[in-house]
Amino acid sequence: MHFITIAAQNLHRRPLRSSLTALGVAMAVGCVLAMTGISRSLDHGWVNTFMARGTHLLAVRKDSAEMFTGAIREDVGDQLAAVEGVRSVSGELMELESMADDTTMLAGGWKTGGRLWTSLQLNEGRIPAEGERGVALVGEAAVDSLKTGLGRTVKIQDKPFAVIGIFKQSGSMGNSMLLLPLADLQDVMGMQGRVAIFNLQVDNPGDSARVADIRARLKTRFPELAFWETKDISEKSEVLRLLRAISWGVSTMAAIIGCLVLLNTLLMSVAERTREIGVLSALGWSPRRILGLIVLEGFLLSAAGGLLGIALGFAGLRGMSFNPNLVGFLDTSIPLPVMLQTLGLALGLGALASLYPAWRALRLNVVEALRYE
Amino acid sequence: MPDVLVAVRNVSRAYSDGSVTALDNLSLTLERGDYLALTGPSGSGKSTLLHLICGLDQPSRGEIQFEGRHPGSAHEWSRLRSRRIGLIFQSFNLLPTLTALENVEVPMFGVLPRSPDRARHATALLDRVGLAQRLHHRPGQLSGGERQRLAIARALANSPDLLLADEPTGNLDSKNSRDILALLEELHHERGVTLVIVTHDPEIAGRTRRILRLLDGRIQSDTRQEA
Ligand SMILES: Nc1ncnc2c1ncn2[C@@H]1O[C@H](COP(=O)(O)OP(=O)(O)O)[C@@H](O)[C@H]1O
Ligand SMILES: [Mg+2]
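Residues numbered from 1 in each chain as written. Chains lettered and ligands numbered in written order. Predicted model: local features only at pLDDT ≥ 70, side-chain atom pairs only at ≥ 80, totals over all residues. Heavy atoms only, no water.

Chemist: Help me understand the sheet that holds strand 9 (residues 218–224) of chain B in this model?
Modeler: Across a sheet, paired strands are connected by hydrogen bonds in the backbone, their directions being either parallel or antiparallel. Residues and elements named next belong to chain B. Read from one edge of the open sheet, 6 strands run 5-6-7-3-8-9, paired in mixed fashion. Of all the strands in the sheet, just strand 5 (85–88) and strand 9 have a single pairing partner and so form its edges. In this sheet, neighbouring strand axes are inclined to one another by 15 degrees on average, regardless of whether the strands run parallel or antiparallel. As defined by bridge partners, strand 8 (residues 210–215) adjoins strand 9 across 6 bridges and the pair is classed as antiparallel. Pairing of R210 across the sheet is with R224, part of strand 9. Packing against the sheet, helix 1 (residues 46–53) makes contact with strand 3 (35–39), strand 5, strand 6 (162–166), strand 7 (194–198) and strand 8, and its axis sits at approximately 150 degrees to strand 6. (Pairing = 2+ DSSP bridges. Helix = DSSP H or I, 4+ residues; strand = E, 2+ residues; numbered from the N terminus. Axes fitted to C-alpha atoms, helices over the stretch in contact; angles between N-to-C directions. Contact = heavy atoms within 4.5 Å.)

Spelled out as C-alpha cells, the structure:
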C-alpha cells in the first residue's frame, strides 16, 4: 500500500461529499478560466485585429477613454501623414451596432480606395470601389449570426446595405466586424467629417527607437491626440482594463469560494475521523505524517476539481461563444500555460486550505479521541 | 541488576483543575521480558497508566523513563510508539477503510520505506496471527476475535520491545478471549516482548508472572508468582 492509498480511501468513503467538493472546486476553476478567457480573448482580439491590418500606431483623441468613442476631424489625417517617418494614415470610425434579433455587431467605416481595405483577405466578393456607397463587407465569423451572405443585404438603422464581400482577418474582433464605406457610417452616426481613430503606419516598424522617436514627435505636434502602439492597446483601453479588473475580481471570489468549500469538507472529515487520527498518533505516526495525510486529501480533491474545472472552463467559454452578444468576439481556446497556471493555483490553494484542518487534526487530544466510542 | 525497560517515577495525573486524581504519586519499574497483569476496579487508573507509559498522555507530576531516558518531546514519544511500543485496545481501533493487510502496513510508514517490503512483512505477521486467509478483508468483514488478531499483528508491525494491551479481551466471548490471550503469551515467549495486559479477568491475571493491582490511582499490591 502506498501513502496516497490511505488518502484516496478516506475520500472514497464519502463519495458524494468528495464529488461535490471536487465539483465546487471545479466550478471555481472553471469560472476563473472562463473569466480570464473572456478578458484575454478580447485583449488578443483587438491587438491581433490591428496587427492584421498592418497598423503600427493608433491615434485617438487624448481624453477619450476608449478607442472608438472619440471624434477627430477627418482632415487631421493629412497633417499626420505629413510628419516625417509616417508612411500612411487611415481614418476609421467604429460603432457597436445593435442589429436585428439583438445581435451586437462592431461596425467599422473605412475610406473607400484607402489602404485598410487592401489588408483584408477576401473569401468571396470584392472590396468597394473608390467613392462607392451603400455597400458592406461582412467578416466570416459574423455571416451566420447576421443571417446574410454575398449578394444579400444587411440593415443598419433600417437602411439596407448590399453585401459585396465576405472577408477573413486574423484576430477574433476583426473577423466578426461589419465594414462600410466611411462616408456611409458617418451618415449613420451623424458624424460627417469625423473619424474615431487613425491607423498609422511608420517607415521602420521594427526599429523601436525609431518608432518611439516618431511617436514623440507626433505627440508634440498633436497635443490633443494620444498615440498608442498596437501591442499596447489592451493596456491603454479603458474598457479592456475594466474588463480585466472585473475578471480578476470574479476570479478571486471564485477561488475564495472554492477554498471555503474545500476547507469545510476537510474540517468535517477531520472532525468525524477524530478517533482514527488518534489511532494514527497512537501507532507512532509523527505529526508531520498526519499533517501530510490531510494535506494530501485536500490536494487530491483540488487536483480532481482542477482537472474537471478545466473541462468546465472550456465548456463555459464554448457556451458563451454562442451568445448572440458575444458571437465572434470570443476565442474559446485556453492556452496550455494558462491551463497549467490555473491548475497550479487550484493545487496551491487546495494545499493551503487543508493546512488549517490538518492543524486541527494535530491539536487533537489523542487519549480523548481513543476513549470516544 | 535487572534490565529496566520502563521506569515510572512519582507520577501523578490529575484531571479537571485537580479535583480528579487518576494517578497519585505512583512509582514502578517494568523489566525487559516482564509479563504483567494490571488489574483493579474500573476508574482505578489502569488506562491512564498505560497512556502515560507510551506517551499518549503526559503526567501532571513525575517522570516516565524508557530505557533510562526521559523522552522530552512529543516527537520522541511518537518515535518510541512507532518502533518500540505496540498498543492493543479493547475496541480494536482498526482503520475501517483499509484492508487487514493495509491496516498492518500503517505503522510501517517511515520505518520500512518500500511498499513491497511493507506488504511482505505485513503478510507474514497476518500469517503468524492466523489471518492468512483474511488479508484483503476490511475490519467490518471480520469477527471480533479476528479483529483483535489483526490489531495484534498491527501492534507487532515494527517488532516492539513492549506490548501494552488495554483490556484486549473485553469485547470478546470466552473462547475468543482464551485464544487471544494464548496468542499474546506465545508472542511474549517467542519474541521476548515485554507484555502488559490490563484486565478484570482473574483467570488471565492468574497466568501472568506479575500482578499489579491499582486502587484509586495507587498501587495496592505488586505480586510476583511462579509461572
Ligand atoms: N479526561 C478525563 N477527565 C476527567 N477525569 C478523567 C479523564 N480521564 C479519566 N478520568 C478519570 O480518571 C480516573 C481513572 O480513569 P482510567 O484510567 O480510565 O481508569 P480505568 O482504566 O482503571 O478504568 C477515573 O476516575 C476517570 O473518571
Ligand atoms: Mg480503562
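There is more to say after this.
Chemist: Explain the site of ligand 1 to me, please; I cannot follow it from the model alone.
Modeler: Near ligand 1 you find 13 residues, and of these A:E368, B:G43, B:K46, B:S47 and B:T48 are the closest. The side chain of A:E368 places a nitrogen or oxygen atom 2.9 Å from a nitrogen atom of ligand 1. Relative to its unbound accessible area of 560 Å², ligand 1 is 72% covered by the protein chains. Applying the majority rule of atoms within 2 Å of the grid points places ligand 1 in the largest pocket. Listed by contribution, the elements that provide at least two residues to the shell around ligand 1 are helix 14 (366–371) of chain A together with strand 2 (20–31) and helix 1 of chain B. (Near = heavy atom within 4 Å. Polar contact = N/O pair within 3.5 Å; in protein donor to acceptor, adjacent residues only side chain to side chain. Areas by Shrake-Rupley, 256 points an atom, 1.4 Å probe, with all protein chains shown as cover. 1 Å grid on protein atoms, 1.4 Å probe; cavity = no way out; pocket = protein on both sides within 12 Å on 5 of 7 lines; lining within 4 Å. Sits in = over half its atoms within 2 Å of the grid points.)

Chemist: What is the right way to read the side chain of A:Q169 from this model?
Modeler: Residue and element names in this part refer to chain A. The residue Q169 is located in the loop between strand 8 (159–168) and helix 6 (172–175) in this model. Q169 sits in the buried class, given a relative accessible area of 5%. Look past the residues within four positions of Q169 in its chain and what remains in contact with it is T49, A52, R53, S119, L120, G174 and N175. (Buried < 20%, exposed > 50% of the residue type's maximum accessible area, 1.4 Å probe, protein only.)

Chemist: Explain helix 13 (residues 336–363) of chain A to me, please; I cannot follow it from the model alone.
Modeler: Helical periodicity: at 3.6 residues per turn, an α-helix aligns residues three or four positions apart in one direction. All names here are of chain A. Between its first and last C-alpha atoms helix 13 spans 41 Å; for 28 residues at 1.5 Å apiece the expected length is 40 Å, and the two agree. At L355, helix 13 shows its maximal kink, close to 30 degrees; a proline, P357, follows between one and four residues later. Where helix 13 is buried, its residues touch helix 2 (15–52), helix 10 (238–272), helix 11 (274–282) and helix 12 (287–321). (Expected span 1.5 Å × (residues − 1). Bend = angle between axes of the 7 residues up to and from the residue.)

Chemist: I'm lost on the sheet that holds strand 2 of chain B in this one. Help?
Modeler: All names here are of chain B. Reading across from one edge, 2-1-4 is the order of the 3 strands in this open sheet, with antiparallel pairing throughout. Pairing within the sheet leaves two strands with one partner each, and these edge strands are strand 2 and strand 4 (61–66). Across the sheet, the mean angle separating the axes of adjacent strands is 15 degrees when strand polarity is ignored. Relative to strand 2, strand 1 (residues 4–15) is paired through 8 bridges, and the arrangement is antiparallel. Directly across from V4, in strand 2, lies its bridge partner E31.

Chemist: In this structure, what is going on with empty space enclosed by the protein? I would like to understand it.
Modeler: Leftover empty space is mapped by rolling, across the atoms, a probe with the size of a water molecule. Residue and element names in this part refer to chain A. If you walk through the whole model with that rule in mind, you get 6 cavities of 30 Å³ or more. One number sums up the size of the largest cavity: a volume of about 130 Å³. Taken together, 14 residues make up the lining of the largest cavity; nearest its centre are V25, V29, A255, A346 and L349. Counting residues per element, the ones that place at least two in the lining of the largest cavity are helix 2, helix 10 and helix 13. (Points joined across faces, edges and corners; volume = space filled by probe spheres on them.)

Chemist: Is there a simple way to think about the state of the cysteines in this case?
Modeler: When the sulfur atoms of two cysteines share a covalent bond, that bond is a disulfide. Counted by the stated rule, this structure contains 0 disulfides over all chains. A:C31 supplies the cysteine sulfur nearest to A:C259, a cysteine that is in no disulfide, at a spacing of 13 Å. (Disulfide = S-S within 2.5 Å.)

Chemist: Honestly, the pairing of strand 1 (residues 57–61) of chain A in this entry has me stumped. Any pointers?
Modeler: Every regular strand shows the same layout, with side chains that alternate between the two sheet faces. Residues and elements named next belong to chain A. Of all 5 residues that make up strand 1, 4 are buried, and the element is covered over most of its length. Summarising the sheet, strand 1 and strand 11 (residues 197–202) pair through 4 bridges and their orientation is antiparallel. By the bridge assignment for strand 11, V60 is matched with I197. Bridge analysis of strand 1 against strand 12 (residues 225–229) gives 5 bridges, and the strand direction is antiparallel. Each residue of the ladder has a partner; that of A59, found in strand 12, is F227.

Chemist: Please clarify how the interface of chain A and chain B should be interpreted in this entry.
Modeler: In many analyses, interface size is given as the accessible surface area lost on bringing the parts together. Opposite the 25 residues of chain A that make contact, chain B presents 25 residues. Between chain A and chain B, roughly 2,300 Å² of surface is buried when both sides are summed, and carbon and sulfur atoms account for 62% of that area. Broken down residue by residue, the surface that chain A buries against chain B is led by A:M1, A:L283 and A:V367, which jointly contribute 31%. Run the count over chain A and chain B and you get 8 residue pairs in polar contact (both at pLDDT 80 or more). Elements with a contribution of two residues or more to the side of chain A that touches chain B: helix 1 (3–13), helix 11, helix 12 and helix 14 of chain A. (Buried area = accessible area lost by both parts, 1.4 Å probe.)

Chemist: Help me understand the packing of aromatic side chains in this model?
Modeler: Two descriptors summarise a pair of aromatic rings, namely the distance from one centre to the other and the angle between the planes of the rings. Evaluation of the coordinates by the stated rule reveals 7 aromatic pairs over all chains. Arranged with centres 6.0 Å apart and planes meeting at 75 degrees, the rings of A:W285 and B:F109 form a pair that is edge-to-face. Of the two residues, A:W285 sits in the loop between helix 11 and helix 12 while B:F109 sits in the loop between helix 3 (100–105) and helix 4 (115–128), which places them in two different chains. For A:W285, a relative accessible area of 2% gives the class buried. On the basis of relative accessible area, B:F109 is assigned to the buried category, the value being 6%. (Phe/Tyr/Trp six-rings, centres within 6.5 Å; stacked < 30°, edge-to-face > 60°.)

Chemist: For this particular structure, what's the right way to read the packing of helix 10 of chain A against helix 12 of chain A?
Modeler: Residues and elements named next belong to chain A. Two elements in contact, helix 10 and helix 12, have axes separated by 11 Å at closest approach and are oriented at 140 degrees. Of the possible angle classes, the one that applies to helix 10 and helix 12 is oblique. In this structure, the crossing between helix 10 and helix 12 has a hand that is right-handed. Contacts from L262, T265, L266, S269 and V270 in helix 10 reach I294, E297, G298, L301 and S302 in helix 12. Broken down by class, the residue content of the contact of helix 10 with helix 12 amounts to 5 nonpolar, 4 polar and 1 charged. (Parallel < 35°, antiparallel > 145°, perpendicular 65-115°, else oblique. Left-handed = near helix turned anticlockwise from the far one by under 90°. Nonpolar A, V, L, I, M, F, W, Y, C, P; charged D, E, K, R; others polar.)

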